[in-house]
Amino acid sequence: MVKICCIGAGYVGGPTMAVIALKCPSIEVAVVDISAARIAAWNGDELPIYEPGLDEVVRQCRGRNLFFSADVERHVSEADIVFVSVNTPTKTRGLGAGKAADLTYWESAARMIADVSKSDKIVVEKSTVPVKTAEAIEKILTHNCNAVNFQVLSNPEFLAEGTAVQDLLRPDRVLIGGRETAAGRKAVDALKDVYARWVPADRIVTTNLWSAELTKLAANAFLAQRISSVNAISALCEATGADVSEVAAAVGMDGRIGPKFLTAGVGFGGSCFQKDILNLVYICERHGLHEPAAYWKQVIEVNDYQKRRFVTRVVSSMFNTVSGKKVAVLGFAFKKDTGDSRETPAIDVCKGLLADGAAVCVYDPQVTEDQIRQDLAAVGEPMRQVGVARDAYEAAGGAHAICILTEWDEFKALDYRRIFDGMQKPAFLFDGRNVVDGGELRRIGFIVYSIGKPLDPWLRGMPAVA
Ligand SMILES: NC(=O)C1=CN([C@@H]2O[C@H](COP(=O)(O)OP(=O)(O)OC[C@H]3O[C@@H](n4cnc5c(N)ncnc54)[C@H](O)[C@@H]3O)[C@@H](O)[C@H]2O)C=CC1
Ligand SMILES: O=C(O)[C@H]1O[C@H](OP(=O)(O)OP(=O)(O)OC[C@H]2O[C@@H](n3ccc(=O)[nH]c3=O)[C@H](O)[C@@H]2O)[C@H](O)[C@@H](O)[C@@H]1O
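Sequence positions are assigned chain by chain, starting from 1 and proceeding in written order. Lettering of chains starts at A and numbering of ligands starts at 1, both following the order in which they are written. Local features in this predicted model are restricted to residues whose pLDDT is 70 or higher, and side-chain atom pairs enter the listing and the counts only when it is 80 or higher, whereas totals over whole chains, interfaces and linings include all residues. To get the side-chain values, take all heavy atoms of the structure and skip hydrogens and water.

Quick notes on the overall build of the chain
Item 1. If you tally the helices and strands in the chain, you get 17 helices and 14 strands.
Item 2. The C-alpha extent of the chain, read off along each of the three principal axes, is 75 × 50 × 45 Å.
Item 3. Whether a residue is buried, partly exposed or exposed follows from its accessible area with a 1.4 Å probe, protein chains only, as a fraction of its type maximum: under 20%, in between, or over 50%, in that order. Across the 466 residues in the chain, those meeting the buried criterion constitute 53%.
Item 4. What makes two residues a contact is simply this: any of their non-hydrogen atoms within 4.5 Å. Long-range contacts, defined here as pairs at least 24 residues apart, represent 76% of the contacts in the chain between residues at least 6 apart.
Item 5. In short, Shrake-Rupley with a 1.4 Å probe defines the accessible areas, and a residue's cover is counted only from the protein chains shown. For the chain, the accessible surface area stands at approximately 20200 Å², while carbon and sulfur atoms represent 52% of it.
Item 6. Each charge class in the chain can be summarised by its mean position, and for the 53 positive and 57 negative side chains these summaries are 2 Å apart. Per the convention used, a helix needs a DSSP run of H or I reaching at least four residues, while a strand needs a run of E reaching at least two, with both numbered from the N terminus. Charged-residue counts in this description rest on Lys and Arg as positive and Asp and Glu as negative, His and the chain ends being excluded. The location of each charge is read from NZ of Lys, CZ of Arg, CG of Asp or CD of Glu.

See the structure below:
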């Protein structure tokens, strides 16, 4: 029986391995992590991450051919294929701080693999890493070991949170990069055989190692660039009376452009877009490619501008101050259908509102109160101005304004008449995700701001930029 071990039981390792176990009953899959608490959660009733459809997949396979364990070394030593799916955050200090990827977790995983391995192994980069990382990993693996052969493959993951299970079951493509040697090709084929059990052959793409590593960074940069492009247009829409939804829909009908990833909003968040672009910028700079570096950096700068612009709209609309005013924040996760708040735009928006003296009251259906407080404390915000509510009605009770920061479906179906009646007047609603019907809310009495839409008369002539 082929044995797979995945180091890192996070947002990628957990769902990816669960789907491999589901589709390959003859393969034994062990997911290991240094966090005993995370492993215990994977083995319990409430999984450590919220992802639609994941519970069912885990329930079907766990204990059959899917195992979660904190015994990292044993499972690694027994495996034929070792996936490494540890976190690769942005470095916070030292060389490349603020841009380069921090490969500390990766390096320690590689050293551990080298130490405990007694049989040949395929080591698969699942984490997103800088291009050329495989070369460094090969050096760590081969320098520490005798008589064991390792093949390093790059197999980046393209799943998006909130749709991870569907993305894994029906991927646009699976990308596998390997060495162009006989042993390298054999390793690529072995991994291809795993995916071929459910992914059509024409969707499994094989490349050299560096192309696979770079494709992942490029794909995230392209996706984020589309969002910054439409967000930049949203600012111009507000200044001119155009409607960004109409513009994006018409632009996206061009087959060369396509309709996806053109939704304007309060800015992209999530653990990867910013980190991966910063990493790309750093790699360009290291190669002396300053213009490409500046080009990609601009994607992040426009994203920061969009978040600042939103806060400025809120404050300037409310008589240029939110000091002492209650602002209900609906949605804290970086997108709907996930409880993940890493790099969520809600953190920056709350920070901006708190800095102006607002009392924010946050409600999110999936992000826990502890997490919300931890995220805001981490950016230096005092907790006395922060409340966390159990539902949207509680959050909006007595508030001067509502900011919608995540596009949860439930925010479309709220009883806005009831909410309006319980708010201070004038009642403001700032829709950072364009989920509510502005016209209907105006009829109720709200002053409404929707990103990139023709402005409410109240808002015209007020400064829109940070
Ligand atoms: N979150 C996402 O949607 C996607 C993430 N990625 C990439 O996948 C990688 C993992 O991301 P996430 O799953 O979100 O991270 P995560 O932080 O949720 O999970 C990483 C896990 O690795 C564990 N870990 C770290 N060092 C370890 C070691 N030496 N031994 C055993 N366990 C160790 C941590 O305890 C943690 O549970 C990152 O490189 C990320 O860029 C790629 C595609 C999508
Ligand atoms: O490497 C990764 O981590 C992953 O990053 C993203 O996935 P994810 O961050 O989970 O979610 P997205 O759906 O891409 O959304 C990212 C952010 O962009 C925002 N967004 C997305 C699309 C859009 O049109 N407009 C927009 O503002 C979302 O609200 C969210 O804040 C990519 O979509 C995945 O392919 C990739 O694997």
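Overview of the site of ligand 1
Item 1. The environment of ligand 1 is formed by 24 residues, the closest being Asp33, Arg38, Thr88, Glu161 and Lys275.
Item 2. Within the backbone of Val12, a nitrogen or oxygen atom sits 2.9 Å from an oxygen atom of ligand 1.
Item 3. At a separation of 2.6 Å, an oxygen atom of ligand 1 approaches a polar side-chain atom of Asp33.
Item 4. Its free accessible area being 840 Å², ligand 1 has 92% of it covered by the protein chains.
Item 5. The class makeup of the residues in the shell around ligand 1 is 8 nonpolar, 9 polar and 7 charged.
Item 6. Viewed by domain, the shell around ligand 1 spans two of them, domain 1 (3-199) and domain 2 (242-466), each represented by three or more residues. Throughout, the term near means that a residue has one or more heavy atoms lying within 4 Å of the molecule or strand in question. Residues adjacent in sequence count toward polar contacts only when both atoms are side-chain atoms; beyond that, a polar contact is any pair of N or O atoms within 3.5 Å, and within protein one must be able to donate a hydrogen and the other to accept it. Classification convention: Asp, Glu, Lys, Arg as charged; Ala, Val, Leu, Ile, Met, Phe, Trp, Tyr, Cys, Pro as nonpolar; all other residues, Gly among them, as polar. What marks off one domain from the next here is an automatic or database domain assignment.

Focus: the UniProt feature "domain: UDP-glucose/GDP-mannose dehydrogenase C-terminal" (unreviewed entry) in the chain
Item 1. UniProt positions are given in the numbering used here, feature names are shortened, and annotations may be inferred rather than shown by experiment. Here, UniProt's "domain: UDP-glucose/GDP-mannose dehydrogenase C-terminal" (unreviewed entry) annotation points to residues 328-438.
Item 2. Secondary structure content for residues 328-438 is 30% helix and 17% strand, while the C-alpha to C-alpha distance between its ends is 18 Å.

Comments concerning the pattern of salt bridges
Item 1. By definition, a salt bridge exists where a carboxyl oxygen of Asp or Glu is found within 4 Å of a side-chain nitrogen of Lys or Arg. This structure, assessed with the given rule, holds 25 salt bridges.
Item 2. A salt bridge links Lys412 to Asp409; the nearest nitrogen and oxygen atoms lie 3.6 Å apart.
Item 3. Since its relative accessible area comes to 42%, Asp409 is described here as partly exposed.

Some thoughts on the nonpolar core
Item 1. Counting 66 residues, the largest nonpolar core has Phe310, Leu353, Ile402, Tyr416 and Phe446 as the members making the most contacts within it.
Item 2. Here this core gets 6 residues from one element, more than from any other, and that element is helix α13 (residues 345-355).
Item 3. Leaving out residues up to four positions away in the same chain, Leu353 has contacts with Val311, Val314, Val315, Val322, Val327, Ala358, Val360 and Cys403. The term nonpolar core refers to a set of buried residues drawn from Ala, Val, Leu, Ile, Met, Phe, Trp, Tyr and Cys, joined through side-chain atoms within 4.5 Å.

So, the environment of Tyr416
Item 1. Structurally, Tyr416 is set in helix α16 (residues 416-421).
Item 2. A residue is classified by how much of its surface remains accessible, and Tyr416, at 6% relative accessible area, is buried.
Item 3. Distance from Tyr416 to Tyr393, taken between C-alpha atoms, is 9.2 Å for residues 23 residues apart in sequence.
Item 4. Among all residues touching Tyr416, those that are not within four sequence positions of it are Ile404, Phe411, Leu429, Val436, Leu441, Ile444 and Phe446.
Item 5. Polar contacts involving the side chain of Tyr416 include one to the main-chain carbonyl oxygen of Phe411, which spans 2.6 Å.

Looking at helix α5 (residues 104-116)
Structural remark: α-helix, 3.6 residues per turn; residues separated by three or four positions point the same way.
Item 1. Expected helix span is computed as 1.5 Å times (number of residues minus one). Counted at 1.5 Å a residue, the expected span for α5 with its 13 residues is 18 Å, and the 18 Å between its end C-alpha atoms agrees.
Item 2. Those residues of α5 that fall on the buried side of the exposure criterion are Trp106, Ala109, Ala110, Met112, Ile113, Ala114 and Val116.
Item 3. Where α5 is buried, its residues touch β1 (3-7), α4 (72-78), β4 (81-84), β5 (121-125), α6 (133-143) and β6 (150-154).

So, the packing of aromatic side chains
Item 1. We call Phe, Tyr and Trp rings a pair once their centres come within 6.5 Å, taking the six-membered ring for Trp, and we label the pair stacked below 30 degrees between planes, edge-to-face above 60, and tilted otherwise. In the structure shown here, the tally under the stated rule is 15 aromatic pairs.
Item 2. Ring geometry for Phe319 versus Trp458: centroids 5.6 Å apart, planes at 80°, classification edge-to-face. Separated by 139 residues along the polypeptide, Phe319 in the loop between α12 (290-317) and β9 (326-330) and Trp458 in the segment after β14 (447-450) bring together distant segments of the chain.
Item 3. Definition used: whenever NZ (Lys) or CZ (Arg) falls within 6 Å of the ring centre and also within 35 degrees of the ring normal, the charge is taken to sit over that ring. Geometry around Trp210 places Lys132 over its ring, the cationic atom sitting 4.1 Å from the centre.
Item 4. Here the basic side chain of Lys425 rests over the ring of Phe420, its NZ or CZ set 4.6 Å away from the ring centre.

Some points on the site of ligand 2
Item 1. Taken together, 19 residues sit near ligand 2, with Phe158, Leu159, Cys272, Phe334 and Arg433 positioned nearest.
Item 2. Backbone polar atom of Phe334 to an oxygen atom of ligand 2: 2.7 Å apart, as the coordinates give it.
Item 3. The leading source of residues in the shell around ligand 2 is helix α9 (residues 209-240), at 4 residues.
Item 4. In terms of residue class, the shell around ligand 2 is built from 11 nonpolar, 3 polar and 5 charged.

A short note on the side chain of Glu125
Item 1. With respect to the helices and strands, the residue Glu125 is situated in strand β5.
Item 2. Despite its burial, Glu125 pairs with no opposite charge; the closest candidate is Arg179, at 9.5 Å N-O.
Item 3. Here Glu125 is in contact with Val84, Trp106, Thr133, Ala134, Ile137, Val152, Leu153, Ser154, Asn155, Pro156 and Glu213, once residues within four sequence places are set aside.

Digging into the domain arrangement of the chain
By convention, interface size is frequently given as the accessible area that disappears when the constituent parts associate.
Item 1. Taken domain by domain, the chain comprises domain 1 (3-199) and domain 2 (242-466).
Item 2. Between the C-alpha centres of domain 1 and domain 2 the distance comes to 34 Å.
Item 3. Listed by partner, the interface residues are 19 residues for domain 1 and 20 residues for domain 2.
Item 4. A combined buried area of about 1500 Å² lies between domain 1 and domain 2, and 54% of that area is made up of carbon and sulfur atoms.
Item 5. A per-residue breakdown of the area domain 1 buries against domain 2 is headed by Tyr50, Lys99 and Glu161, which together make up 44% of the total.
Item 6. In this structure, Arg342 and Glu161 form a salt bridge, with 3.4 Å as the shortest nitrogen-oxygen distance.
Item 7. When the residues that make up the side of domain 1 that touches domain 2 are grouped by side-chain class, the tally is 11 nonpolar, 6 polar and 2 charged. A simple way to read buried area is as the amount of 1.4 Å-probe accessible surface that goes missing from two parts once joined, with both sides added.

Here's the deal with the sheet that holds strand β11 (residues 386-388)
Item 1. When DSSP locates at least two bridges between a pair of strands, those strands are taken to pair. Overall, parallel pairing links the 6 strands, which are arranged β11-β10-β9-β12-β13-β14 in an open sheet. Each of the sheet's edge strands pairs with one partner strand only, and the pair in question is β11 and β14. Geometrically, the sheet is characterised by an average inter-axis angle of 20° between neighbouring strands, direction not taken into account.
Item 2. Examined bridge by bridge, β9 and strand β12 (residues 401-404) share 4 bridges and lie parallel to one another. Bridging from a neighbouring strand, Val329 pairs with Cys403 of β12.
Item 3. To get an axis, fit a line to the C-alpha atoms, keeping to the stretch in contact for a helix; angles then go from 0 to 180 degrees between the N-to-C directions. Along the sheet, α12 makes contact with β12, β13 (428-431) and β14, crossing β13 at roughly 170°.
Item 4. Sheet strands in contact with helix α14 (residues 369-378) are β10 (359-363) and β11, and its direction is about 160° off that of β11.

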